[in-house]
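So you can see what is in the structure, the chains are spelled out below.
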Amino acid sequence: MKTSAKIEFGDFQTPLPLAREVCALLKSQSVPADVVIEPTCGLGSFLQAAAENYPKARLFGFDINHDHVTTTTKLLNAFGAGNRAVVRQQDFFAHDWNSELNFLRGDLLILGNLPWVTNQKVGSLNGSNVPAKTNFQNFRGLEARTGKSNFDISEWMLIQLVRALHGRRATIAMLCKTGTARKVLRYAWQNDGRVAKAAIYTIDAKAHFNASVEACLLVAHLGETGAAEAEVFENLRSRTPCRRLGLAGQNLVADIKTYRRLRHLEGLCPYQWRSGVKHDCSSVMELTPDEAGVFQNKLGENVLVESESRYPLLKCSDLANGINVPKRCVLVTQKRVGDDTMVLADRVPRTWTYLNGHRAKFDARKSSIYNARTPFAMFGIGDYTFARWKVAISGLHRHPRFIFVPPVKGKPVLFDDTCYFLSFDNEQEARVVTDILNSKPCLEFLEALIFPESKRPITVDVLERLNLTAIADEAGMLTGWQNIRRVNYTQAGRASQFELVMEDSKLSRKTLQANPVRYKISKKLQNQ
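The shown structure was predicted, so the numbers you read here are calculated from the model rather than taken from an experiment. (Residues numbered from 1 in each chain as written. Predicted model: local features only at pLDDT ≥ 70, side-chain atom pairs only at ≥ 80, totals over all residues. Heavy atoms only, no water.)

A. How the structure looks around the overall build of the protein. A count of helical and extended segments in the protein gives 24 helices and 20 strands. Out of the 528 residues belonging to the protein, those deemed buried represent 52%. Working note: accessible area of the protein is about 24200 Å², and carbon and sulfur atoms make up 49% of it. (Helix = DSSP H or I, 4+ residues; strand = E, 2+ residues; numbered from the N terminus. Buried < 20%, exposed > 50% of the residue type's maximum accessible area, 1.4 Å probe, protein only. Areas by Shrake-Rupley, 256 points an atom, 1.4 Å probe, with all protein chains shown as cover.)

This is the structure in structure tokens:
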């Protein structure tokens with residue numbers, strides 16, 4: 001199979017030793033299996049391992065690849081399990097899994113390794129191994145266009161299996177990305193998937209598949225409704241969980257025990273968290289001065305543009321390392337989203353000439369948000385961008401750290417779109433808020449919320465759950481907080497702060513209702 005086809009179909013075969021270790025784990029936990037089903041059986045490692053551990057179980061394997069079906073059939077015949085096995089060619093997306101699973105009797109064990117590939121990756125290969133287009137995640141237009149609608153094919157497949165089981169007694173045991181496992185559990189818990197018990201076992205994807213992703217074995221026992229929690233184990237040999245993730249309202253939290261202890265720190269943040277500037281053309285837009293003070297872009301070109309166009313820039317790695325003095329700058333083409341950039345030709349002619357010299361790179365930007373926009377358009381830009389004082393955090397690093405960022409030579413510091421920040425006109429307020437956010441209670445609560453193995457552990461949605469008044473009180477900083485706010489936020493000024501938070505569409509009514517604590521606060525604000 002060619003490389004592109006291998007990627008499209010997620011054709012990365014499970015090593016037999018890993019399949020045996022998974023099945024031995026299930027057997028040791030007395031997982032029942034009258035019928036074993038592998039929806040994408042590949043070369044049959046899991047079916048062979050299941051045949052060894054469940055000698056009386058009927059075996060059903062499916063795969064879209066005819067050669068894989070032939071190889072697996074021969075393997076099971078050679079093993080002596082051919083008389084209780086059915087292996088056939090089948091496209092998962094075209095198959096009627098409702099009828100298939102309803103037809104089978106007894107305890108079901110659905111196991112295997114579904115494709116580890118995203119719908120966008122398949123699309124970039126002009127592939128067709130994707131489900132029919134549906135907005136099954138219920139994302140809105142802008143969310144769908146800026147990356148949230150990208151999903152793992154295995155996520156969609158697992159959700160279809162949960163739906164097809166209709167809450168009947170069964171066990172799902174699948175290797176998948178850890179993020180996919182969490183999304184599937186969240187879906188099942190929110191949609192009456194009747195998960196009696198669940199667990200996530202971390203696996204070394206690099207060792208087994210040469211894949212640099214966080215991966216796991218997801219084990220979900222279906223058939224009755226249990227606690228919306230899942231034990232998390234460090235590996236397949238661990239017998240004691242390192243933590244429990246769970247559902248709090250409609251949000252998943254990484255450590256449900258710590259969350260429950262500190263849930264009083266959750267609420268509506270009185271400030272609006274923002275992401276940094278987005279331009280998707282760093283090779284042209286980001287400049288670094290050499291020892292002589294001559295600016296260069298990432299293409300190695302010397303760049304002479306007006307200082308008015310340049311603003312100091314921090315990236316997520318800077319913030320994670322505690323750096324608040326920028327070593328680079330970014331060109332700014334707009335002061336607000338939608339501003340006409342044609343005015344640059346007269347206002348900053350050298351910048352305009354430079355940008356036009358690289359226009360092809362801007363025109364090649366892939367994101368659809370730039371379609372039909374003014375040339376050299378940016379996003380994540382507004383009045384808040386140019387506030388003098390800021391508090392910022394990296395969105396990509398595992399351990400949260402908030403950095404106080406002052407202006408540099410009278411210019412406000414900007415951030416790239418992997419960072420989040422608060423804007424302030426008052427230095428003292430920014431410093432107090434930085435101290436509150438870096439307090440032990442805040443960081444402990446934040447780490448209970450986030451999943452460090454995620455591609456972007458810190459998000460605006462998470463940051464907006466921080467109740468600074470409660471955190472300041474817990475950390476012994478309430479007096480300082482009240483002084484900078486001039487009023488006690490728990491007693492007054494709520495309505496205006498609610499309006500500030502609700503200014504951004506990210507905090508829709510649906511988002512608030514997803515968490516009962518925040519929704520209760522928002523209802524009080526509306527009634528004042």
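Back to the write-up after that little detour.
B. Region of interest: the pairing of strand E20 (residues 419-424). Of all six residues that make up E20, five are buried, and the element is covered over most of its length. One ladder, built from two bridges, connects strand E11 (residues 274-275) with E20; its direction is antiparallel. Pairing of serine 275 across the sheet is with tyrosine 420, part of E20. Of the pairings in the sheet, the one linking strand E17 (residues 389-394) to E20 comprises six bridges and is antiparallel in character. Counted as the bridge partner of valine 391 is leucine 422 from E20. (Pairing = 2+ DSSP bridges.)

C. Examining the nonpolar core more closely. Ranked by size, the top nonpolar core spans 44 residues in total, and within it Ile37, Leu108, Ile110, Leu165, Ile172, Trp189 and Leu245 carry the most contacts. With nine residues, the top contributor of residues to this core is helix H8 (residues 153-165). Filtering out sequence-adjacent residues up to four positions away, leucine 108 remains in contact with Pro32, Val35, Ile37, Leu101, Leu165, Arg168, Arg169, Ala170 and Thr171. Counting residues in hydrophobic clusters, the runner-up holds 39 residues, among them Cys23, Leu25, Leu47 and Leu59. (Core = buried A, V, L, I, M, F, W, Y, C linked by side-chain atoms within 4.5 Å. Contact = heavy atoms within 4.5 Å.)

D. Just the pattern of salt bridges, in detail. Evaluation of the coordinates by the stated rule reveals 24 salt bridges. Of the charged contacts, one joins glutamate 52 and arginine 20 as a salt bridge, the two residues approaching to 2.8 Å between their closest N and O atoms. Note that glutamate 52 is positioned in helix H3 (residues 45-53) and arginine 20 in helix H2 (residues 16-28), a separation of 32 residues in sequence. Exposure remark for glutamate 52: the relative accessible area of 29% places this residue in the partly exposed category. Linking glutamate 429 and arginine 485 is a salt bridge whose minimum nitrogen-to-oxygen distance equals 3.2 Å. Placement of glutamate 429 in helix H17 (residues 427-437) and of arginine 485 in helix H21 (residues 478-485) is noted, with a sequence separation of 56 residues between them. Like glutamate 429, the residue arginine 485 is buried in the burial classification. (Salt bridge = Lys/Arg side-chain N within 4 Å of Asp/Glu carboxyl O.)

E. Molecular detail of unusual backbone geometry. Although it is not a glycine, serine 30 sits at a positive phi angle of roughly 60 degrees. Tracing the backbone shows serine 30 in the loop between H2 and strand E1 (35-38). Phi at alanine 372 takes a positive value of approximately 60 degrees, unusual for a residue other than glycine. Since its relative accessible area comes to 88%, alanine 372 is described here as exposed.

F. Representation of the sheet that holds strand E10 (residues 251-253) within the structure. Within the open sheet, the 10 strands sit side by side as E3-E2-E1-E4-E5-E7-E6-E8-E9-E10. Their pairing is mixed. At either end of the open sheet lies a strand with only one pairing partner, and these are strand E3 (85-89) and E10. Adjacent strand axes in the sheet meet at a mean angle of 15 degrees when their direction is disregarded. Of the strand pairs in this sheet, strand E9 (residues 243-248) and E10 are connected by three bridges, and their pairing is antiparallel. The residue bridging glycine 246 from the neighbouring strand is valine 253, located in E10. Each of E1, strand E2 (58-63), E3, strand E4 (108-113) and strand E5 (170-177) is contacted by H3, which is oriented at about 175 degrees to E2, the strand it contacts most. The strands touched by H8 within the sheet are E4, E5 and strand E7 (215-222), with E5 carrying the most contacts at an inclination of about 170 degrees. (Axes fitted to C-alpha atoms, helices over the stretch in contact; angles between N-to-C directions.)

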